[in-house]
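An overview of the molecular structure
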Amino acid sequence: MRGKGKSTIVWLLMGMLVLGLGGFGVTNFSGGTADIGTVGDVSISSQDYARTLRAEMQDFSARTGRQVTGAEARTIGIDQAALARLYTGAALEDEANRLGVSVGDKAVADQITASQAFRGMNGQFDRNVYADVLKREGIREAEFEHDLRMDQARLILQQAVLAGVTAPEAVTARSQGWLMETRDIHWRELTAADLAAPIATPDDATLEAWHKANADRFTAPEIRKITYVWLTPEMLEGEVEVDEQALRDLYESRIDEFQRPERRMVERLVFPTMAAAEEAKARIDRGETSIEALAAERGLSLNDIDLGEVTQAELGAAGEAVFALEQPGVAGPASSDLGPALFSMNAILEPVDVPFEQARADLRIEAAVDRARRVIEDKAGEFSDLLAGGATLEDLAKETEMKLGQIDWSADAEAAPDSIDAYPEFRQHAAQATEKDFPELLTFDDGGVFAMRLDAIQPPALIPFAEVRDRVAEDWTRNETRRQLLALAEERKLAAEAAVAPGIEPAPTAATVPVAQAVGAAVGNTATTPPAAPPEAAAPPAADRGTPETNLARGGFINGVPQDVVAQAFQIKEPGDAEVVDADGRVFLVTLDKIHPAATEGDEASQIRDGISARLVDSLHQDVFDYFARALQAQSGTTINQTAVDAVNAQVQ
């Protein structure tokens, strides 16, 4: 119920149409009449909970692409979502009853007759279909119509609660300003070439210490030593025989793939009279309009006039004119089954002519693989019986067509394309197998079969230094380079900020200060001999600030640069400030040059502002409605029959 009018009845109709009572292994609930709870004077039945739970599970399955069991649904909280939906609806119904909010019979009848669930073969509302659907769902007509009536009443109440909720203008303006602000920056990537000296070559003691300190980088993963047998349709493809006539029959059954006439991508715009069509064609020829514009003038979209791929014969009388075009253009006016029309030809699809002799090799492989799949299916029982009788995998390889193999398998290793671990079914069972498991026959999605035995598990272990010395040296060098680059970037950041800050001069480093000045006086100096004035230092060369980027948008991108650089550029507070960005193992120095306030005038700015306002309103609606529903439940009082809830949950498989 939360949100903009997502009504309970929508979920009920979805459940009726898509799931049915057996959709998730749910048994008949009509035998139990216990309610799962109440809100005020409104009861929530077990049947309503069962239907809503199934609808929630179906919605989750549609979003994730996989079916969920009842146990999984409870683990991830789908049952709680179903209960929350029902209790919210009951709270609204109780409040609607208290206020006397309702709708008339006509509103209920209109909703029933408009529902796709109750239409017959002619596309119109069918009273018999209506009765049959409700009967199969175990819902009485009076009960269903009451639910519809109350659903409308709940919607009226919900709309009344949310009618005055609007997005604060200040929040909208601030959000727009934040979103549409642009910036000018300079960015520079620091590389090893920027360092004052090359990275020193580390000695073995340093590398050994690095090897131990970063053991996780040099640890071999768990290795599972597995013996297996397998048989796939491709292994038998060359051995099975395929009848020549069967190949010709297969070719004929799929003749549309191999023999297709020339086709055109065509749009058709029909006119009431030939004169109107001729006038429209003249306007197109003069360049005054187009098919798209003419369609839009009549309230039609391109989808409304699109014919898709058509042959000359399918176009009838207009076929000759359309196929006479040698490039995209407009043909007509010509007659059509709907009247005079213009035809816009957008693409030419060449004819397809693949004779049987040319297609035979591919058809033979396809047919052979299909035949091999059936052979494996027929022999699967024999393979299983041998394993059940105590045959080892080695015995199975000797006595059947199955192939024996061994693999040192790791979950982190990349599978070779033609190896058994390229199959997800093998990888799943390899990860779960134990040394106590007996081999059993398992299947691949492509119709193949396999069995495996876990011989041993080699636990993760630190690889000896001698075996990975080069890797350790490369890792140490990469890390040391990054460390020095970050330090250099910080120095340049301070120098860049000092250059734009008046009255601040970078302090000389110890390496640049003369020794005598560092200790206060040079040997041999006397109190009467003032030190010689230092020569005037030459002005340092201007620092290379890197590549400029102007009008960079938030969420924009710079070609070849990690997105973190752009994100960090919008974290800098003041022009002239710089930031060091460590992204994807690369070091960047980003300097903010200028901040451009968001443009608030114009159509684009107006559309963005409207979009921001709509999102804010939607969020506020959800929050306000949630608070309102909770307040109603607290005001009316709620009860829950956990035993009845558990009974429904137990029947959902």
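Since the structure is predicted, the reported quantities are computational estimates derived from the model, not experimental observations.

Next up on the list: the overall build of the protein chain. Each helix and strand in the protein chain was counted, giving 24 helices and 19 strands. Contacts spanning at least 24 positions in sequence make up 73% of the contacts within the protein chain whose residues lie at least 6 apart. Looking at the protein chain as shown, the accessible area adds up to about 37,500 Å², and 52% of this sits on carbon and sulfur atoms.

Right, let's get into the pattern of salt bridges. A side chain of one charge can pair with a side chain of the opposite charge if their charged atoms are brought near each other. Within this structure, the stated rule accounts for 36 salt bridges. In this structure, the salt-bridge partner of Arg554 is Glu181, at a minimum N-O distance of 3.9 Å. Of this pair, Arg554 sits in the loop between strand S16 (547–553) and helix H22 (563–569) while Glu181 sits in the loop between helix H8 (169–180) and strand S3 (182–190), and the two are 373 residues apart along the sequence. One salt bridge in this structure joins Arg373 and Asp370, with 3.3 Å as the shortest N-O distance. With Arg373 and Asp370 both in helix H17 (residues 356–388), this residue pair falls three residues apart, about one helical turn. One network of salt bridges, in which partners are shared, links Arg217, Glu474, Asp475 and Arg478.

Attention now goes to the pairing of strand S10 (residues 341–349). Bridging between strand S7 (residues 263–270) and S10 involves eight bridges; their strand directions are antiparallel. Considered in S10, the bridge of Arg268 is made with Phe343. Note: strand S9 (residues 329–334) against S10, four bridges, orientation antiparallel. Residue Gly329 lies in a different strand from S10, and its bridge partner there is Met345.

The next point concerns the sheet that holds S7. Read from one edge to the other, the open sheet built from four strands follows the order S8-S7-S10-S9, with strand pairing classed as antiparallel. Strands at the two margins of the open sheet, each flanked by one partner only, are strand S8 (306–310) and S9. When the angles between neighbouring strand axes are averaged without regard to direction, this sheet yields 25°. Helix H13 (residues 274–285) rests against S9 and S10 of the sheet, and its axis sits at about 160° to S9.

Before going further, it helps to spend a moment on the side chain of Asp446. In this structure, Asp446 sits in the loop between strand S13 (442–443) and strand S14 (449–458). For the buried Asp446, no salt bridge is present, and the opposite-charge side chain at shortest range is Arg373, 6.3 Å distant. A distance of 2.9 Å separates a polar side-chain atom of Asp446 from the backbone nitrogen of Gly448.

Formed by 27 residues in total, the largest nonpolar core has its most connected members in Ile36, Ile44, Tyr49, Leu53, Met57, Ile78 and Leu83. In this view, Ile78 contacts Leu53, Glu56, Met57, Phe60, Val68 and Ala73; residues no more than four positions away in its chain are not counted.

With that out of the way, let us pick up helix H9 (residues 204–213). What H9 keeps buried is the set Leu207, Trp210 and His211. Burial along H9 is one-sided: seen end-on, the buried residues are contained in an arc of 105°. Exposed side of H9, more than 90 degrees from the buried face: Ala205, Lys212 and Ala213 are the residues found there.

On to the confidence of the model for the protein chain, then. For the protein chain, per-residue confidence averages 82 on the pLDDT scale, and residues scoring 70 or more make up 88% of the total. Segment residues 1–32: pLDDT under 50, and 82 contacts once partners within four positions in sequence are set aside and those in other chains are kept.

A few words on the packing of aromatic side chains. Within a pair of aromatic rings, the relevant descriptors are the distance that separates the centres and the angle that separates the planes. Inspection of every chain in the model, using the stated rule, returns 13 aromatic pairs. Residues Phe125 and Tyr130 carry aromatic rings whose centres are separated by 5.9 Å and whose planes lie at 55° to one another, so their mutual orientation is tilted. Residues Tyr423 and Phe444 carry aromatic rings whose centres are separated by 3.9 Å and whose planes lie at 20° to one another, so their mutual orientation is stacked. Separated by 21 residues along the polypeptide, Tyr423 in the loop between strand S12 (403–409) and helix H19 (424–432) and Phe444 in the loop between S13 and S14 bring together distant segments of the chain. Note on Tyr423: relative accessible area 19%, which makes it buried. Overall, the relative accessible area of 3% leaves Phe444 in the buried class.

Below, the discussion takes up the sheet that holds strand S2 (residues 42–45). Strand order in this open sheet of three strands is S2-S1-S19, and the pairing throughout is antiparallel. With partners counted over all chains shown, the strands left at the sheet margins are S2 and strand S19 (638–640), one partner each. Each neighbouring strand pair of the sheet contributes to a mean axis angle of 15°, computed without reference to strand direction. With respect to the sheet, helix H4 (residues 78–99) is in contact with strand S1 (35–39), S2 and S19, its orientation differing from that of S1 by roughly 45°.

So, how was this worked out
Residues numbered from 1 in each chain as written. Predicted model: local features only at pLDDT ≥ 70, side-chain atom pairs only at ≥ 80, totals over all residues. Heavy atoms only, no water. Helix = DSSP H or I, 4+ residues; strand = E, 2+ residues; numbered from the N terminus. Contact = heavy atoms within 4.5 Å. Areas by Shrake-Rupley, 256 points an atom, 1.4 Å probe, with all protein chains shown as cover. Salt bridge = Lys/Arg side-chain N within 4 Å of Asp/Glu carboxyl O. Pairing = 2+ DSSP bridges. Axes fitted to C-alpha atoms, helices over the stretch in contact; angles between N-to-C directions. Buried < 20%, exposed > 50% of the residue type's maximum accessible area, 1.4 Å probe, protein only. Lys, Arg positive; Asp, Glu negative; His and termini not counted. Polar contact = N/O pair within 3.5 Å; in protein donor to acceptor, adjacent residues only side chain to side chain. Core = buried A, V, L, I, M, F, W, Y, C linked by side-chain atoms within 4.5 Å. Arc of directions from axis to C-beta. pLDDT = per-residue confidence, 0-100. Phe/Tyr/Trp six-rings, centres within 6.5 Å; stacked < 30°, edge-to-face > 60°.

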